[in-house]
Amino acid sequence: SYYLIHSLGIFRSQGEVDGYVLNNGTKIQPNAKPGDLKFEDFNKDGIINDGDRQYMGAYDVPDFSYGFNLGAAWKGLSVNAFFQGVYGVNAFNGVKAMTLSGLKGWNLSTDALDSYNYNPNSNTPNLAMAADANGNFSKVSDFFLEKADYLRLKSLNIGYTLSPSLSKRIDPTGKMKIKFYINGENLLTFTKYSAFDPEVGNLGVDGGRFPVSKMTSIGINVTF
């Protein structure tokens, strides 16, 4: 289950930072500056910490999982495809935290070039190259929670079976059947999830594990 601090967007000006205060005028995020994330003070104590975490759903069970087959044949040619997907599931994108922060020696994602540091209209906060005073990347917030719905082409098989007349040139008895095929697995994934793979594992926390491999094979089936 996800217990996260709710982010309310990005401070666009110093006036917004100065105006985010308690009733007594105390700044809620005194270390913030324009381009930093604005966090909800959920427990109204004037401090953004773990006490402001809220329940934001669970990863384990999507709203539904589905799959379907498509097939077609014409003369000796056949095409079969299997699609599989899930809907209504979230994942905590730890890769986003690692590759946008600039901390702990991680390589930066090219998405860092669209951060507030370079684009004042960006929805990606200031990078934390030297320090993260506001906690843009060190606070566990829903900035890193993303929809992990996907539709994946799990397998695609294209085959061609030689006609009986051609097979008889190889086997005059006509008992031999020869089929040439190409088979692919995990060829396409349609998703809005921004890290490597929306299938992040049972815990729902994406630490950058290796994505499912794309595989292609070519072969011949011969039967007598």
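Scope of this entry: the structure provided in the associated data block. (Residues numbered from 1 in each chain as written. Predicted model: local features only at pLDDT ≥ 70, side-chain atom pairs only at ≥ 80, totals over all residues. Heavy atoms only, no water.)

All right, on to the overall build of the protein chain then. Each helix and strand in the protein chain was counted, giving 3 helices and 12 strands. C-alpha atoms of the protein chain, sized along the principal axes, occupy 95 × 35 × 25 Å. Summarising the internal contacts of the protein chain: among those between residues at least 6 apart in sequence, 66% fall at separations of at least 24. Of the roughly 13200 Å² that the protein chain leaves accessible, carbon and sulfur atoms contribute 56%. Here the protein chain contributes 21 positive and 21 negative side-chain charges, whose respective centroids are spaced 14 Å apart. (Helix = DSSP H or I, 4+ residues; strand = E, 2+ residues; numbered from the N terminus. Contact = heavy atoms within 4.5 Å. Areas by Shrake-Rupley, 256 points an atom, 1.4 Å probe, with all protein chains shown as cover. Lys, Arg positive; Asp, Glu negative; His and termini not counted. Charge placed at Lys NZ, Arg CZ, Asp CG, Glu CD.)

Once that is clear, we can look at the nonpolar core. Counting residues in each nonpolar core, the largest one holds 35 residues, and the members touching the most others are Y2, L4, Y59, A91, F144 and Y193. It is helix α2 (residues 94-101) that contributes the most residues to this core, 4 residues altogether. Not counting residues within four places of it along the chain, the set of residues in contact with Y193 comprises A91, F92, N93, E146, K147, A148, P198, V200 and D206. (Core = buried A, V, L, I, M, F, W, Y, C linked by side-chain atoms within 4.5 Å. Buried < 20%, exposed > 50% of the residue type's maximum accessible area, 1.4 Å probe, protein only.)

This part is about the packing of aromatic side chains. Counted by the stated rule, this structure contains 8 aromatic pairs. Note on F137 and F144: the rings are 6.2 Å apart at their centroids and 50° apart in plane angle, and the pair reads as tilted. The exposure class assigned to F137 is buried, which follows from its relative accessible area of 10%. A relative accessible area of 1% places F144 in the buried class. Taken together, F92, F137, F143 and F144 form an aromatic cluster joined through their ring pairs. One Lys or Arg, K38, reaches over the ring of Y20 and ends 4.6 Å from the middle of that ring. The side chain of K96 reaches across the aromatic face of F143, ending 4.1 Å from its centre. (Phe/Tyr/Trp six-rings, centres within 6.5 Å; stacked < 30°, edge-to-face > 60°. Lys NZ or Arg CZ within 6 Å of the ring centre and 35° of its normal.)

Okay, the sheet that holds strand β9 (residues 150-161) next. Strands sit in the order β5-β6-β9-β10-β12 across an open sheet of 5 strands; the sheet is antiparallel. Since the sheet does not close on itself, it has two edges, and those belong to β5 (64-74) and β12 (215-223), each with one partner. Sheet twist, expressed as the average angle between the axes of neighbouring strands with direction ignored, equals 15°. One ladder, built from 9 bridges, connects strand β10 (residues 177-191) with β12; its direction is antiparallel. Counterpart to F180 in the pairing with β12 is I220. (Pairing = 2+ DSSP bridges. Axes fitted to C-alpha atoms, helices over the stretch in contact; angles between N-to-C directions.)

What follows deals with the environment of T189. Mapped onto the secondary structure, T189 falls in strand β10. Along the backbone, T189 and D149 are 40 residues apart, and their C-alpha atoms lie at a distance of 10 Å. In contact with T189, not counting residues within four places along its chain, are Y150, L151, R152 and P198.

Quick look at the sheet that holds strand β11 (residues 205-206) now. Read across the sheet, 3 strands follow the order β8-β7-β11 without closing on themselves; strand pairing throughout is mixed. Taken across any chain shown, the strands that pair with only one partner, and hence form the sheet edges, are β8 (145-147) and β11. Strand direction decides the pairing type here: strand β7 (residues 90-93) and β8, joined by 3 bridges, are antiparallel. Residue pairing for β8: A91 is matched across the bridge by E146. The strands touched by α2 are β7, β8 and β11; relative to β7, the strand with the most contacts, the crossing angle is about 25°.

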